[in-house]
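# Reading the structure
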Amino acid sequence: AFYAICLQYISDAIREFEGTSEEVRVTITDSELALARGDVEGALKKLRKVPEDSAHYTKARMAMADIYLKHRKDKAAYIRCYMDLV
């Protein structure tokens, strides 16, 4: 029930902030919720959508790196995420 309520709030926020700079923040939060549900690929998919020109691109890539290292044990993907920031 808790996750259903969270999903509804996230869905509402995505619609509310679509096209604004806050949309990316909602996307990152949505990815955190996916991760909490155990949906690692869903979290990564959401984070991949953050555009390079976003002010939150760095945070998204760092979150992706963390997921790759902690959940996938993929050191190469972890490093690639940080290399994308250079």
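This write-up is about the structure you can find in this document.

Each value, and the rule that gives it
Residues numbered from 1 in each chain as written. Predicted model: local features only at pLDDT ≥ 70, side-chain atom pairs only at ≥ 80, totals over all residues. Heavy atoms only, no water. Helix = DSSP H or I, 4+ residues; strand = E, 2+ residues; numbered from the N terminus. Buried < 20%, exposed > 50% of the residue type's maximum accessible area, 1.4 Å probe, protein only. 1 Å grid on protein atoms, 1.4 Å probe; cavity = no way out; pocket = protein on both sides within 12 Å on 5 of 7 lines; lining within 4 Å. Points joined across faces, edges and corners; volume = space filled by probe spheres on them. Nonpolar A, V, L, I, M, F, W, Y, C, P; charged D, E, K, R; others polar. Salt bridge = Lys/Arg side-chain N within 4 Å of Asp/Glu carboxyl O. Expected span 1.5 Å × (residues − 1). Contact = heavy atoms within 4.5 Å.

Our next topic: the environment of G38. By the element assignment, G38 lies in the loop between α2 (22-36) and α3 (40-48). We classify G38 as exposed; its relative accessible area is 55%. Along the backbone, G38 and H71 are 33 residues apart, and their C-alpha atoms lie at a distance of 9.5 Å.

Another point: the layout of surface pockets. As a volume, the largest pocket reaches approximately 230 Å³. If you trace the largest pocket, you find it lined by I14, G19, T20, S21, E23, V24, T27, D30, K46, K49, V50 and P51. When residues in the lining of the largest pocket are grouped by element, the largest group, four residues, is from α2. Classifying every residue of the lining of the largest pocket by side-chain character gives four nonpolar, four polar and four charged.

Our next topic: the pattern of salt bridges. This model, assessed by the stated rule, comprises eight salt bridges. Its salt-bridge partner being R15, residue D12 comes within 2.5 Å of it at the nearest N-O pair. Here D12 and its partner R15 are both found in helix α1 (residues 2-17), three residues apart, which amounts to about one turn of the helix. Residue classification places D12 among the partly exposed residues on the basis of a relative accessible area of 32%. Across the pair R48 and E41 runs a salt bridge whose closest N-O atoms are separated by 3.0 Å. Where salt bridges share partners, they join E41, R48 and R72 into one cluster.

For α2, with 15 residues, the first-to-last C-alpha span of 21 Å sits near the 21 Å given by 1.5 Å per residue. Inspection of α2 places V24, V26, T27, I28, D30, S31, L33 and A34 among the buried residues, and these make up the whole buried set. Here the buried face of α2 lies against α1, α3 and α4 (57-70). G38 sits one or two positions beyond α2 and adopts a positive phi of about 90°.

The set of residues buried in α3 consists of V40, G42, A43, L44 and L47. Where α3 is buried, its residues contact α2 and α4.

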